[in-house]
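Coordinate inspection notes
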Amino acid sequence: DTKPRWCYASWCYVNATSNCSVASEWSLHFLGRRYSYETCASINHYKSTLLDQFLEGSVFRTVYMTNSGGWKGSTCYDSGVCEGPIPYFFDRLFERSRITTDVKMRYLTPKL
């Protein structure tokens, strides 16, 4: 099935003048109306899909603070490979959105 994930999520129009605390968005297709996935106990995949489409093909310049203590940040090697939770998080995020990264390393301590 090739339908986007937001096609399967329930949503409904909500009162645009209400001060309800449930998240809602202005409709791009029906001006003056608000819709909410959260009201229907769903996740708003539509908004994240629009963001993914907007960012696709972008190049992000990323700087990792290397040798910052393993689990606290990242460790980078002369080969340009960086490891640790921070590079892992951004690698997965950028991969999902098909974003290219231009990684630079910045050493916190003098390189030996």
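The structure displayed is predicted, hence computed values, not measured ones. (Residues numbered from 1 in each chain as written. Predicted model: local features only at pLDDT ≥ 70, side-chain atom pairs only at ≥ 80, totals over all residues. Heavy atoms only, no water.)

**A closer look at the overall build of the chain**
Going by this rule: Secondary structure elements follow DSSP: runs of H or I no shorter than four residues count as helices, runs of E no shorter than two count as strands, and numbering proceeds from the N terminus. Each residue is placed in one exposure class: buried if its accessible area under a 1.4 Å probe, protein chains only, is under 20% of its type's maximum, exposed if it is over 50%, and partly exposed if it falls in between. Pairs of residues are marked as contacts when any of their non-hydrogen atoms sit within 4.5 Å.
If you tally the helices and strands in the chain, you get two helices and seven strands. Each helix (α) and strand (β) of the chain, taken in turn from the N terminus, gives the series β-β-β-α-β-β-β-α-β. Per-residue burial for the chain yields a buried fraction of 22% across its 112 residues. Long-range pairs, those at least 24 residues apart, make up 46% of the contacts in the chain between residues at least 6 apart in sequence.

**Here's the deal with the layout of surface pockets**
Here the idea is plain: a probe the size of a water molecule rolls over the atoms and shows the empty space left. Heads up, the condition is: Buriedness for pockets is judged along seven lines, at least five of which must meet protein on both sides within 12 Å for an open set on the 1 Å grid over protein atoms alone, while cavities are sets there where a 1.4 Å probe fits but cannot get out, and lining residues have an atom within 4 Å of a point. Grid points are joined across faces, edges and corners, and a volume is the space filled by probe spheres set on the points. Amino acids outside the nonpolar list (Ala, Val, Leu, Ile, Met, Phe, Trp, Tyr, Cys, Pro) and the charged list (Asp, Glu, Lys, Arg) are all regarded as polar, and Gly is one of them.
Considering only enclosed or pocket space, the largest pocket measures out at about 220 Å³ in volume. If you trace the largest pocket, you find it lined by Trp-6, Cys-7, Ala-9, Trp-11, Tyr-13, Ser-27, Leu-28, His-29, Phe-30, Tyr-35, Tyr-37 and Tyr-46. Classifying every residue of the lining of the largest pocket gives 10 nonpolar, two polar and no charged.

**A word on the side chain of Ser-36**
We count it as follows: Counted as a polar contact is a pair of N or O atoms within 3.5 Å, where, for protein atoms, one must be capable of donating a hydrogen and the other of accepting one, and residues adjacent in sequence contribute only when both atoms are in side chains.
You can see Ser-36 is positioned in strand S3 (residues 34-36). Within the structure, Ser-36 has its side chain in polar contact with the backbone nitrogen of Glu-38 (distance 3.3 Å). Within the structure, Ser-36 has its side chain in polar contact with the side chain of Thr-39 (distance 2.9 Å). Among residues more than four places away in sequence, those in contact with Ser-36 are Trp-11, Cys-12, Val-14, Val-22, Ala-23 and Ser-24.

**Some words on helix H2 (residues 85-96)**
Residues spaced three or four apart along an α-helix point in a common direction, a consequence of the helix completing one turn every 3.6 residues. This is how the line gets drawn: In this scheme, a helix's expected span is set at 1.5 Å multiplied by one less than its residue total.
Taking 1.5 Å per residue, 12 residues should reach 16 Å; H2 reaches 17 Å between its end C-alpha atoms and fits that length. Trailing H2 by a residue or two, Arg-98 shows a phi angle of about 55°, which is positive.

**Digging into the confidence of the model for the chain**
The line we're drawing: Confidence of the predictor at the level of single residues is given by pLDDT, which spans 0 to 100.
Chain-level statistics for the chain give a pLDDT mean of 76 and a share of 84% at 70 or above. Least confident of the elements in the chain is strand S7 (residues 100-107), whose mean pLDDT is 69; most confident is S3, at 87.

**Things to note about the environment of Glu-38**
Here Glu-38 shows up in the loop between S3 and helix H1 (45-55). For the pair Glu-38 and Trp-11, spaced 27 residues apart in sequence, the C-alpha separation works out to 7.4 Å.

**Considerations on unusual backbone geometry**
Backbone geometry at Ala-41 places phi at a positive 60°, although glycine is not the residue there. Position of Ala-41 among the secondary structure elements: in the loop between S3 and H1.

**Thoughts on H1**
Of the residues making up H1, those classed as buried are His-45, Tyr-46, Thr-49, Asp-52 and Leu-55. Looking one or two places after H1, you find Gly-57, whose phi comes out positive at around 85°.

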